[in-house]
Structures are given as structure tokens and as C-alpha cells.
Amino acid sequence: MISPLLHALRAYVRHLPAGPGTPRLAARLSNHLKHHPLTTTARTVDGTVFPVVTSDVIQRYLWLFGVWEPHLTAWMRSRLAPGDMVVDAGAHTGYFTVLASRLVGQTGRVVAIEPSPAFHQALTENVAANGCGNVRTVNAAVSDAPGRLTFYLERSTNLGGTTSVRPRTVEAEFEADAAPLPDLLTKEELATARLIKIDVEGGEAAAVRGLAPALNRLRDDAELVVEVTPRTLAKQGQSPDDVLNPLREHGFHAYRMPNDYTASSYPAALRHPAPPVRWRGPIMEMSDLVFSRADAEILPPERHQAGQQS
């Protein structure tokens, strides 16, 4: 049973993000929910529903704020249109999959790829619970070659951090089939993809290598969102350039999406989500990068048609 006071405090944080003391309250509520977890249902600001246990950061923020990664969420809302095709590689339990499904509508399609059998099961259940009939799910990992990969969960308070790069401590592990992204998609899905989101926790260089031979088959206005993790790449003898260079060679420009996982940052992000900004410097910390053939200093929210690009 959730107390009326907790409901009221959540409502204040979610609906009055500019209110006095909201960032500090958000941080205190998040800490409380982490150490005194609720098992309940979260309803997002888009009206979708997800079962949650608030010891996990993604599920906690969905219940508390009704959104995950507010800058990326807002950009996707403004960037996608009915009829679009979206690929969500590393879909986890489906927050961005369900968001994309709503945005592209009945005439659009979403392919959600997730290696974890448990998360894939939750993904398919969340897709069904939200009536997303335009989603195809795939239980596999994205890499640069066919094979099998072992994945590790470092801690249960961040289920989204499941990675194929062994961490210092391991709470759980599993194996999954892996393949290059073009092998997991149909020719039509690849050719019509408007947005490809790759969030694979250290496997992004391999995912881009696997996609590189097919980059010239993407539509002119296709865009990619890639989470780049320098530390995890370094453990494999790789760097962010192994992600950036193949995309730049095919005419893509890099833009950095603001992202802050602290609860105190969410009220401001909910009020004023920021667009991706052109990035030319080194990538020194975990970053969400948008790759687009649009050539600008700030990647605007409206869609770029091929004929409008410079």
C-alpha cells in the first residue's frame, strides 16, 4: 500500500517541476524508493504502463517522474512521425520501444532487440499490455559477427547496465545469440529505418562495425542514437573513435544529447528538454550521441527531409 503522502510528494515533483525545492525533494524521494522499494505499476506521461520495482533506477524514475531520459524522450517525440520505422537495439524492458510504437502509429513499425531472456519476456509483456501491435521483438544481441556472447549484471539496482564486458562484481550472467544488425532485420526494415537506437552497454563499437557495410543502404534522413561508454570500450582495447569514425565516413555528423541520471536533474529536464548539440571534441564520459546527415550546430526537433539537408 502506497501512502497518500508519498503519492502527494510524487505528484508535486512530477507536475510542479518548477516548484520550490523540487530538485532536492526529487533526490530524497529517489533515495527513499531505492532503499524502501515499491512493487507497483508506473504510468508514464504518455499514458503507457509498466510494472516496476523501484530498487532499479529505470523503474524508479518511471514511477516517480513518468519518464526515462527526458531529453532523449522529448527529442524522439518531436523527431518521429506516423509511418516511420524504428529499430531499438538493447531495448531492455521496452520504454523506448513503447514510446516509438505510439509515435509511429499503426502505419509505422518498431523492431525491438534484447538479448536477455528475462528482459525480452518483460519486453514482450509490456508491448502487449500497451497494445503495441506494430512491434516485432527479437531475443538476440547486436554485434559484429554471428556467435554467442556472455552477459553480466553487475548490480540489481541498475538492470539496464547489463553488459557483455565482465565487471568487477557479477550478480548474474547469461548467454545469448549474437549477430550483426543487418542480419537481424529484414531488407525492408533496414532500408526504411528512420531511427536506429543502439544502447548496448559497451558493445556499441561492435554493433557499429556490424552495421557499417549496410550504412549506404539506409535512407538519406536515417538517424542513429548511440550510447557511447568510453570506460567499457577501453576495457576491450577500443575507444569512442571506433564508434564515431565508421559513421563519419558515411556522412554522419555527431551531436551530443544532454543526459544526467541524477534524480535532482530531472525536474529541470522535464521543464526544458534540450536538443542535441554538434560535438567535435573527444568523448571522455558516457554520452548519448545522435548521428545525422543533417549539418547544423544544433539538431532541431523538426524532421529533416533529404532535400533540406546541406
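Throughout, residues of each chain are indexed from 1 in the direction in which the sequence is written. For a predicted model such as this one, the threshold for reporting local features is a pLDDT of at least 70, and the threshold for listing and counting side-chain atom pairs is 80 or more; totals across whole chains, interfaces and linings nevertheless cover every residue. As a rule here, side-chain values come from all non-hydrogen atoms in the structure, and water together with hydrogens is ignored.

## Here we look at the pattern of salt bridges
Any two side chains of opposite charge can pair if their charged atoms end up close together. Spelled out, the test is: Counted as salt bridges are all cases of a side-chain nitrogen of Lys or Arg within 4 Å of a carboxyl oxygen of Asp or Glu. By the criteria applied, helices consist of DSSP H or I runs no shorter than four residues and strands consist of E runs no shorter than two, each listed in order from the N terminus. Accessibility here uses a 1.4 Å probe with only protein chains present; expressed as a share of the type maximum, an area under 20% marks a residue as buried, one over 50% as exposed, and anything in between as partly exposed.
Within the structure shown, the criterion is met by 14 salt bridges. The salt bridge involving aspartate 144 is made with arginine 209; its shortest N-O contact spans 3.0 Å. Residue aspartate 144 is located in the loop between strand E6 (141-142) and strand E7 (147-153), and its partner arginine 209 is located in helix H9 (residues 204-211); the two are separated by 65 residues in the primary sequence. Overall, the relative accessible area of 35% leaves aspartate 144 in the partly exposed class. When its relative accessible area of 34% is taken as the criterion, arginine 209 is described as partly exposed. Among the ionic pairs, arginine 148 bridges to glutamate 175, the shortest N-O distance being 3.4 Å. Here arginine 148 is found in strand E7, whereas its partner glutamate 175 is found in strand E8 (residues 172-179), with 27 residues between them in sequence. Judged by its relative accessible area of 49%, arginine 148 falls in the partly exposed class.

## Here we look at the environment of threonine 107
The cut-off we apply is this: Between two residues, a contact is recorded if the distance between any of their heavy atoms is within 4.5 Å.
Take threonine 107: it is sitting in the loop between helix H5 (95-104) and strand E4 (109-113). Threonine 107 gets classed as exposed once you look at its relative accessible area, which sits at 62%. Residues threonine 107 and tyrosine 266, 159 residues apart in the sequence, show an inter-C-alpha distance of 32 Å. Ignoring sequence-local partners within four residues, the contact set of threonine 107 consists of Pro82 and Gly83.

## Let's talk about the packing of helix H1 (residues 4-15) against helix H3 (residues 57-65)
Selection rule: Working convention: axes come from line fits to C-alpha atoms, limited for helices to the stretch in contact. Angles between N-to-C directions cover 0 to 180 degrees. An angle below 35 degrees is read as roughly parallel, one above 145 as roughly antiparallel, one from 65 to 115 as roughly perpendicular, and any other as oblique. Ten residue types, Ala, Val, Leu, Ile, Met, Phe, Trp, Tyr, Cys and Pro, are classed as nonpolar, four, Asp, Glu, Lys and Arg, as charged, and the remainder, Gly among them, as polar.
Where H1 contacts H3, the axes come no closer than 8 Å and their chain directions differ by 85°. Between H1 and H3, the interaxial angle falls into the category roughly perpendicular. Side by side, H1 and H3 meet where Leu6, His7, Arg10, Val13 and Arg14 of the first sit next to Leu62, Trp63, Leu64 and Phe65 of the second. Tallied by class, the residues present in the contact of H1 with H3 amount to six nonpolar, one polar and two charged.

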